[in-house]
Amino acid sequence: MGRFATSNDASDKWLRPVAVPTSKGGVFGTVTELLEDMPGWEVESCDEATCTVHVTKANGFLGGTSKIVITVSGPDGIPSSETSVTSESDGMISRDKSNVSTFCRKLWMRVT
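Report follows, based on the coordinates.

Each value, and the rule that gives it
- Residues numbered from 1 in each chain as written.
- Predicted model: local features only at pLDDT ≥ 70, side-chain atom pairs only at ≥ 80, totals over all residues.
- Heavy atoms only, no water.
- Helix = DSSP H or I, 4+ residues; strand = E, 2+ residues; numbered from the N terminus.
- Rg over C-alpha atoms; globule rule 2.2 N^0.38 Å.
- Buried < 20%, exposed > 50% of the residue type's maximum accessible area, 1.4 Å probe, protein only.
- Lys, Arg positive; Asp, Glu negative; His and termini not counted.
- Charge placed at Lys NZ, Arg CZ, Asp CG, Glu CD.
- Axes fitted to C-alpha atoms, helices over the stretch in contact; angles between N-to-C directions.
- Parallel < 35°, antiparallel > 145°, perpendicular 65-115°, else oblique.
- Left-handed = near helix turned anticlockwise from the far one by under 90°.
- Contact = heavy atoms within 4.5 Å.
- Disulfide = S-S within 2.5 Å.

### With respect to the overall build of the protein chain
Logical step 1: Assigned secondary structure in the protein chain consists of 2 helices and 6 strands.
Logical step 2: When the elements of the protein chain are put in sequence order from the N terminus, they spell out β-β-α-β-β-β-β-α.
Logical step 3: Relative to the compact-globule value of 13 Å for 112 residues, the protein chain shows a C-alpha radius of gyration of 13 Å, a close match.
Logical step 4: Principal-axis analysis of the C-alpha atoms gives the protein chain an extent of 45 × 30 × 20 Å.
Logical step 5: The proportion of buried residues among the 112 residues of the protein chain is 38%.
Logical step 6: Here the protein chain holds 11 positive side-chain charges and 14 negative ones, and the gap between their average locations is 8 Å.

Written out as structure tokens, the structure reads:
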């Protein structure tokens, strides 16, 4: 069982929250569109009021299933947002760090 979340202290750019000068609503829309294009990433719930998406991802026989939470935060009406990702898995081999890195990299390419 594993867990990994983005952190501002991470040395790798793809393991930090994605911060861009764009409104949180715009980035949240991009997050939901991106998830539709990611095979194996299944949206379980999407809350536009809190800009939070809950996703599951199957990681194979030993990897189990990951529960991923993506949250976009930022002030209303100001073009500034930060997207945080947390992944928790129940398998013997954790894919959490890879899940976070993959999502952050793809989101960065879409919003910049």
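### What to know about the packing of helix H1 (residues 24–36) against helix H2 (residues 96–111)
Logical step 1: H2 packs onto H1 with a crossing angle of 120 degrees between their chain directions and a minimal axis gap of 10 Å. Classified by the angle between their axes, H1 and H2 sit oblique to one another. Once H1 is placed against H2, the crossing between them reads as right-handed. Between H1, through Thr-30, Val-31, Glu-33, Leu-34 and Leu-35, and H2, the contact on the second element is made entirely by Phe-103, Lys-106, Leu-107, Arg-110 and Val-111.

### A few points about the state of the cysteines
Logical step 1: Evaluation of the coordinates by the stated rule reveals 0 disulfides.
Logical step 2: For the unlinked cysteine Cys-46, the closest cysteine sulfur is that of Cys-51, found at 8.8 Å.
Logical step 3: Counting only cysteine sulfurs, Cys-51 is the nearest neighbor of Cys-104, a cysteine outside any disulfide, at a range of 16 Å.

### A closer look at the environment of Pro-21
Logical step 1: Its location among the elements puts Pro-21 in the loop between strand S2 (18–20) and H1.
Logical step 2: Classification of Pro-21 by relative accessible area gives exposed; the value is 69%.
Logical step 3: Here the alpha-carbon distance between Pro-21 and Glu-48, two residues 27 residues apart in the chain, equals 19 Å.
Logical step 4: With sequence-adjacent residues up to four places away left out, Pro-21 is seen in contact with Pro-79 and Ser-80.

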